[in-house]
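Chains, contacts and geometry: an overview
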Amino acid sequence: MKYALVTGGSRGIGRAICVKLAGMGYHILINFQSNVEEAEKTLELVKAKGVNGELMKFDVSRQEEVDGSLGKWMEANPDKPIEVLVNNAGIRKDNLLMWMSNKEWDTVMDIAVDGFFNVTRLIIKQMLYKKYGRVVNVVSLSGLKGLPGQTNYSASKAAVIGATKALSQEVGRRNITVNAVAPGFINTDMTKDMNEKDFKQLIPMSRFGTPEEVANVVGFLASDQATYVTGQVISVNGGLYS
Ligand code: NAP
């Protein structure tokens with residue numbers, strides 16, 4: 001029974017990752033924050049791949065919710081180790097720093113950084129015990145390059161990149177890899193306020209990417225094709241940044 005957990009699996013990139021990992025034979029725990037309808041659609045797509053899935057509602061930034069939901073599930077299912085963790089949940093709250101509110105700063109940081117910590121700390125213990133695991137963190141071009149109007153988002157993704165590199169060195173000996181995938185502009189709800197026409201001249205491949213193009217790289221990192229890849233950040237951005 002191989003299990004994978006994808007945070008923010010109800011929509012966009014997270015949904016495509018759930019479907020990709022389901023196609024690789026993983027049963028999928030689909031985390032989401034509030035959108036049950038979309039999470040159920042992801043569950044149907046997962047089941048269509050011939051594996052099982054379960055919805056798991058919790059806010060990654062709230063430790064008590066993570067412990068109460070994921071922690072309880074792990075306790076109740078010791079025979080179902082989570083081999084693959086994809087920390088994908090994330091939000092944008094763009095503003096220039098001089099006008100940024102505490103809430104805009106805090107929510108973006110809490111979901112990306114505390115979310116990574118709350119979920120990964122629980123699962124890494126089990127991976128260490130099992131001497132196997134794959135952790136993939138979905139970060140962003142913004143965390144590598146910095147984008148104006150996104151000091152909160154850039155800082156949060158850069159923090160997770162640092163955590164990826166540090167954790168990979170803590171757990172490598174136990175056959176656990178920890179990597180990050182850094183998308184550029186991808187067509188999802190998160191970018192629906194951005195006009196692709198206005199941005200595509202900046203992108204060498206002259207278009208936004210698809211969630212599936214990101215999921216393919218996550219699938220590679222989770223697979224046995226990537227056994228010696230760890231501590232890396234792989235960009236999926238149509239050549240936007242190099
Ligand atoms: P999206 O379509 O807006 O989906 C966001 C997902 O995250 C949803 O499943 C949402 O759940 C979940 N989520 C949000 N806050 C959460 C919380 N506190 N706890 C648990 N789940 C939460 O976004 P996306 O474009 O697929 O983005 C996915 C990841 O890729 C994010 O980390 C984002 O920063 C990163 N990324 C995206 C792009 C892009 O161009 N789209 C580029 C670079 C990086 P509900 O459905 O319940 O709201």
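See the structure shown above.
Let us look at the structure shown here. Worth saying up front: this structure is predicted, and the values here are computed from it rather than measured. (Residues numbered from 1 in each chain as written. Predicted model: local features only at pLDDT ≥ 70, side-chain atom pairs only at ≥ 80, totals over all residues. Heavy atoms only, no water.)

1. A word on helix 6 (residues 151-171)
Note the following rule: Elements are defined by DSSP. Helices are runs of H or I of four residues or more, strands are runs of E of two residues or more, and each kind is numbered from the N terminus. Between the first and last residue of a helix there are one fewer steps than residues, each counted as 1.5 Å, and that sum is the expected span. Residue burial is assigned from relative accessible area. The probe radius is 1.4 Å, only protein chains are included, and a residue is buried under 20% of its type maximum, exposed over 50%, and partly exposed in between. What makes two residues a contact is simply this: any of their non-hydrogen atoms within 4.5 Å.
In this model, helix 6 (21 residues) spans 30 Å end to end at C-alpha, consistent with the 30 Å of a helix rising 1.5 Å per residue. Within helix 6, the full set of buried residues consists of Asn152, Tyr153, Ser154, Ser156, Lys157, Val160, Ile161, Thr164, Leu167, Ser168 and Val171. Packed against the buried residues of helix 6 are helix 4 (102-130), strand 5 (133-138), helix 5 (141-145), strand 6 (176-183) and strand 7 (233-236).

2. Notes on the site of the ligand
Which entries qualify depends on this criterion: The cutoff for a nearby residue is simple: one of its non-hydrogen atoms must lie within 4 Å of the molecule or strand. Polar contacts, as counted here, are pairs of nitrogen or oxygen atoms within 3.5 Å of one another; within protein the pair requires one atom able to donate a hydrogen and one able to accept it, and residues that are adjacent in sequence qualify only if both atoms are side-chain atoms. The method behind every accessible area is Shrake-Rupley, applied with a 1.4 Å probe, and residues are considered shielded solely by the protein chains displayed. Only Asp, Glu, Lys and Arg are considered charged in this grouping, and only Ala, Val, Leu, Ile, Met, Phe, Trp, Tyr, Cys and Pro are considered nonpolar; every other residue, Gly among them, is considered polar.
Taken together, 32 residues surround the ligand, and among them Ser10, Ser34, Asn88, Tyr153 and Thr188 come closest. Between an oxygen atom of the ligand and a main-chain N or O atom of Ile13, the distance comes to 2.8 Å. Lys157 is positioned such that a nitrogen or oxygen atom in its side chain is 2.9 Å from an oxygen atom of the ligand. The protein chains hide 96% of the 910 Å² of surface that the ligand would expose on its own. The set of elements that each furnish at least two residues to the shell around the ligand consists of helix 1 (12-23), strand 2 (27-32) and helix 6. Split into classes, the residues belonging to the shell around the ligand amount to 14 nonpolar, 14 polar and four charged.

3. Topic: the packing of aromatic side chains
Aromatic rings in a pair are described by how distant their centres are and how their planes are angled relative to each other. Defined as follows: We call Phe, Tyr and Trp rings a pair once their centres come within 6.5 Å, taking the six-membered ring for Trp, and we label the pair stacked below 30 degrees between planes, edge-to-face above 60, and tilted otherwise.
Per the stated rule, a full pass over the model turns up four aromatic pairs. Pairing Phe185 with Phe199 gives two aromatic rings, centres 5.2 Å apart and planes at 45°, and the pair type is tilted. Residue Phe185 is found in the loop between strand 6 and helix 7 (196-199), and its partner Phe199 is found in helix 7; the two are separated by 14 residues along the sequence. Assessed through its relative accessible area of 15%, Phe185 is described here as buried.

4. Some remarks on the packing of helix 1 against helix 2 (residues 36-47)
For the record, the criterion: Here the axes come from fitting lines to C-alpha atoms, over the contacting stretch only for helices, and the angles between their N-to-C directions go from 0 to 180 degrees. In this scheme, roughly parallel covers angles under 35 degrees and roughly antiparallel covers those over 145, while 65 to 115 is roughly perpendicular and the rest are oblique. Take the far helix as the reference: if the near one is turned anticlockwise from it by less than a right angle, the crossing is left-handed, and if turned clockwise, right-handed.
Orientation of helix 1 relative to helix 2, taken along the N-to-C sense of each, is 20°, at an axis distance of 9 Å. The angle between the axes of helix 1 and helix 2 places the two elements in the roughly parallel class. Relative to helix 2, the crossing made by helix 1 is right-handed. For the pair helix 1 and helix 2, the contacting residues are Arg15, Cys18, Val19 and Ala22 in the first and Glu38, Lys41, Thr42, Leu45 and Val46 in the second. Looking at the contact of helix 1 with helix 2 residue by residue, the classes come out as five nonpolar, one polar and three charged.

5. Description of the nonpolar core
This is how it is decided: In these notes, a set of buried Ala, Val, Leu, Ile, Met, Phe, Trp, Tyr and Cys residues joined through side-chain atoms within 4.5 Å is what counts as a nonpolar core.
The biggest cluster of nonpolar side chains holds 30 residues, and the ones touching the most others in it are Leu5, Leu70, Ile82, Val119 and Ile123. Looking at which element gives the most residues to this core, the answer is helix 4, with seven residues. With residues near it in sequence (within four places) discarded, Leu5 still touches Leu29, Asn31, Leu70, Ile82, Val84, Leu85, Val86, Val119 and Ile123. The next biggest cluster of nonpolar side chains, apart from the first, holds 27 residues, and it includes Ile17, Leu21, Val181 and Val236.

6. Things to note about the packing of helix 4 against helix 6
Where helix 4 contacts helix 6, the axes come no closer than 8 Å and their chain directions differ by 15°. Relative to helix 6, helix 4 is oriented roughly parallel. Of the two elements, helix 4 crosses helix 6, and the hand of that crossing is right-handed. Of the residues in helix 6, those in contact with Glu104, Trp105, Val108, Met109, Ala112, Val113, Phe116, Thr120, Ile124 and Leu128 of helix 4 are Thr151, Asn152, Tyr153, Ala155, Ser156, Ala159, Val160, Ala163, Leu167 and Val171. In terms of residue class, the contact of helix 4 with helix 6 is built from 15 nonpolar, four polar and one charged.

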